[in-house]
Amino acid sequence: MDLFSASFDSKRVAPLADRMRPRTLDEFIGQKDILGPGKILRRAIEADKITSLILYGPPGTGKTSLAQIIANKTSSHFIKINAVFSGVKEIREILEKAQERLHYYDQKTLVFCDEVHRFNKGQQDVLLPAVEQGIIVFIGATTENPYFEINSALLSRSTIFRFNPLTDEEIREGLNRALADQERGLGTYKIQISPEAITHWIDHAAGDMRRALNALELAVLTTPPNNNGVRVIDLSIAKESIQERHFRFDKKGDNHYDIISALIKSMRGSDPDAALYWLAVLLESGEDPRFIMRRIIVHASEDVGLADPMAMLQAHAAANALEWVGMPEARIPMAQAVLAIATAPKSNSVVTAIDKAMEYIRTHQAGPVPLHLRDAHYPGAKTFGHGEGYLYPHSYPGNWVQQEYLPPDAKNAKFYFPTNKGLDKNRGKPDLQE
């Protein structure tokens, strides 16, 4: 250790968000459904009876902070690792020492792993036996859906707790604490902040406490004091400190599928405003518009279908416009297609019909094509009776005539059941009285 390292104080240079991490459960903001008084996770922490946990939720919601609270509370030996930097060799060494600690000193080891979704299979396989045998208690934190990213065996031995984005009032509480705290926060500064600035930070943080505190710190440190020594922060300064709204969106994560699911269900549920909202979220978040367009096309047929066949044409026209025009202009025809689907009469008779037909084919032997339906144009076909007895519908009133089109074994099968919605109503055989 040299003179410089001896005098180094990490608290003085750490970002505000890090300095303001809660030290106790009473200081913890948010997640009351799992950490409120009497809740099982809180009771386990207070009694120092933690079992293996997976903490799952968006950034800035308190996962790492809770792990540090547990570290301060537990009598177990606490070790923090990172899935990106801790290889199999390091994990093996940690587990060996944990076993010695348990054997010789009867002390458990609690291993906290940040970004646990980045653990590869080898790392997880090394960790699993120690978790199974109780050599370590494992706590993993992740922003990704653990059911997608983590070994099912490790999941089955852990309790998963989902962290939700913080509410506006919880973000406001965190900002006020930081402004008042003279030891770790900004309480030694003379600061005057407009209500509009606070509201802007809360709105653009989107439930992420770290993002809100970072914006507050940047605004305070970059605003010079006036003649009275006061740093006056108005809405314009707040906008400069956090210029873009935060979207909790990852094109490779489960949130990606959650939002596209919300768009689909809003169109299906005939809510045009909600459908436009989720379309806007996808587009603003940088989702591939072709991916969105593929889902729109599918649901034009699945949820509207023959009730309004124009919905499918609208969807294909929007897809064509996307290829020819590109973004951002293509947002307009895409919105038109979404609105066409959301406001159209609904019928799922198409998807029901094809699914029934395919299920029938999977469970029944495919029958031969009836002779009168077979191709009679190639040489020699008629000698085999192909096309014999076929009745040409256009030669009959209403362009329809009774004849069998299914194989004999399937002649009673029925797959298409028209609904009474829109143009799907009364579809089937033509009206011979026209």
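Here, every reference points to the structure presented above.
Quick caveat, the model's predicted, so the values are computed rather than measured. (Residues numbered from 1 in each chain as written. Predicted model: local features only at pLDDT ≥ 70, side-chain atom pairs only at ≥ 80, totals over all residues. Heavy atoms only, no water.)

Colleague: Whenever I open this one, the packing of helix α18 (residues 310–325) against helix α19 (residues 331–343) confuses me. Can you help?
Modeller: Helix-helix packing: each pair is described by the crossing angle between the helix axes and the interaxial distance. One can describe the packing of α18 onto α19 by two numbers: an axis separation of 8 Å at closest approach and a directional angle of 165 degrees. It follows that α18 is roughly antiparallel to α19 by the angle criterion. Where α18 crosses over α19, the handedness of that crossing is left-handed. Residues Ala-311, Gln-314, Ala-315, Ala-318, Ala-321 and Leu-322 of α18 form the contact with α19, whose participating residues are Pro-333, Met-334, Gln-336, Ala-337, Ala-340 and Ile-341. Residue classes in the contact of α18 with α19 are distributed as ten nonpolar, two polar and no charged. (Axes fitted to C-alpha atoms, helices over the stretch in contact; angles between N-to-C directions. Helix = DSSP H or I, 4+ residues; strand = E, 2+ residues; numbered from the N terminus. Parallel < 35°, antiparallel > 145°, perpendicular 65-115°, else oblique. Left-handed = near helix turned anticlockwise from the far one by under 90°. Contact = heavy atoms within 4.5 Å. Nonpolar A, V, L, I, M, F, W, Y, C, P; charged D, E, K, R; others polar.)

Colleague: What exactly am I supposed to notice about the pattern of salt bridges here?
Modeller: A side chain of one charge can pair with a side chain of the opposite charge when the charged atoms of the two come close. Summed over all chains, the structure comprises 18 salt bridges. Across the pair Glu-27 and Arg-184 runs a salt bridge whose closest N-O atoms are separated by 3.7 Å. With a gap of 157 residues between them, Glu-27 in the loop between α3 (16–19) and α4 (32–35) and Arg-184 in the loop between α11 (168–180) and β6 (191–193) connect regions that are remote in the sequence. With a closest N to O distance of 3.0 Å, Arg-290 and Glu-323 form a salt bridge. (Salt bridge = Lys/Arg side-chain N within 4 Å of Asp/Glu carboxyl O.)

Colleague: Help me understand the sheet that holds strand β3 (residues 109–114), please; the structure alone is not making it clear to me.
Modeller: Neighbouring strands of a sheet are bound in pairs by backbone hydrogen bonds; such pairs are parallel or else antiparallel. If you walk across this open sheet you meet the five strands as β2-β3-β4-β1-β5, and the pairing is parallel. The outermost strands of the open sheet, each flanked by one partner alone, are β2 (77–82) and β5 (159–162). The sheet shows a mean angle of 15 degrees between the axes of neighbouring strands, taken without regard to direction. Taken together, the four bridges between strand β1 (residues 53–56) and β5 define a ladder with parallel strand orientation. In the sheet register, Tyr-56 faces β5, and the bridge partner there is Arg-162. (Pairing = 2+ DSSP bridges.)

Colleague: Could you clarify how one ought to interpret the nonpolar core in this entry?
Modeller: One recurring pattern in soluble globular proteins is that nonpolar side chains are buried together. By size, the foremost hydrophobic cluster in this structure holds 29 residues, and its most contacted members are Leu-263, Leu-279, Ile-292, Met-293, Ile-296, Val-338 and Ile-341. Among the secondary structure elements, those contributing two or more residues to this core are α15 (254–268), α16 (272–284), α17 (289–304), α18 and α19. Looking at which element gives the most residues to this core, the answer is α17, with seven residues. Excluding its chain neighbours within four sequence positions, the residues that come into contact with Ile-296 are Ala-315, Met-334, Ala-337, Val-338 and Ile-341. Within the second largest apolar cluster, 26 residues are counted, among which are Ile-193, Ala-197, Ala-205 and Ala-212. (Core = buried A, V, L, I, M, F, W, Y, C linked by side-chain atoms within 4.5 Å. Buried < 20%, exposed > 50% of the residue type's maximum accessible area, 1.4 Å probe, protein only.)

Colleague: Please clarify how α18 should be interpreted in this entry.
Modeller: Because each turn of an α-helix spans 3.6 residues, side chains separated by three or four positions in sequence point in the same direction. Helix length check: α18 (16 residues) gives 21 Å between terminal C-alpha atoms against 22 Å at 1.5 Å per residue, within 8%. Turning to α18, its buried residues number three or more, namely Ala-311, Ala-315, Ala-318, Ala-319, Ala-321 and Leu-322. Mapping the buried residues of α18 onto a view down its axis gives an arc of 160 degrees, with all of them on the same face. Of the exposed residues in α18, those oriented more than 90 degrees away from the buried face are Leu-313 and Trp-324. Against α17 and α19 lie the buried residues of α18. Positive backbone phi, approximately 80 degrees, marks Gly-326, located one or two places after α18. (Expected span 1.5 Å × (residues − 1). Arc of directions from axis to C-beta.)

Colleague: I keep staring at the environment of Ser-156 and nothing clicks. Help me out?
Modeller: With respect to the helices, strands and loops of the structure, Ser-156 is situated in helix α10 (residues 152–156). We classify Ser-156 as exposed; its relative accessible area is 55%.

Colleague: Honestly, the packing of aromatic side chains in this entry has me stumped. Any pointers?
Modeller: Between two aromatic rings, the relevant description is the distance of the centres plus the angle of the planes. Tallying each qualifying case throughout the model produces three aromatic pairs. Ring plane angle 90 degrees and centroid distance 4.8 Å describe the contact between Tyr-277 and Trp-278, whose orientation is recorded as edge-to-face. When the ring of Tyr-360 is compared with that of Phe-415, the centres are 5.6 Å apart and the planes differ by 70 degrees; the resulting orientation is edge-to-face. Separated by 55 residues along the polypeptide, Tyr-360 in helix α20 (residues 349–363) and Phe-415 in the segment after α20 bring together distant segments of the chain. Exposure remark for Phe-415: the relative accessible area of 22% places this residue in the partly exposed category. (Phe/Tyr/Trp six-rings, centres within 6.5 Å; stacked < 30°, edge-to-face > 60°.)

Colleague: I tried to follow a nonpolar patch on the surface on my own but got confused; where do I start?
Modeller: On the surface, Tyr-147, Phe-148 and Tyr-257 cluster together into a nonpolar patch covering about 410 Å² of accessible area. Mapped onto the elements, Tyr-147 comes out in helix α9 (residues 146–149). (Patch = residues over 30% accessible without salt bridge, like charges linked within 9 Å, V, L, I, M, F, W, Y side chains within 5 Å. Areas by Shrake-Rupley, 256 points an atom, 1.4 Å probe, with all protein chains shown as cover.)

Colleague: Mind showing me how you'd approach the pairing of strand β4 (residues 136–142) here?
Modeller: In summary, the side chains of a regular strand alternate between the two faces of the sheet. Burial analysis of β4 places seven of its seven residues in the buried class, the great majority of the element. Across four bridges, the pairing between β1 and β4 is parallel. Considered in β4, the bridge of Tyr-56 is made with Thr-142. Of the strand pairs in this sheet, β3 and β4 are connected by five bridges, and their pairing is parallel. For Thr-109, the partnering residue across the bridge sits in β4 and is Ile-136. Crossover connection from β3 via helix α8 (residues 121–132) to parallel β4: handedness right-handed. (Right-handed = clockwise from strand over helix to strand, strands pointing away.)

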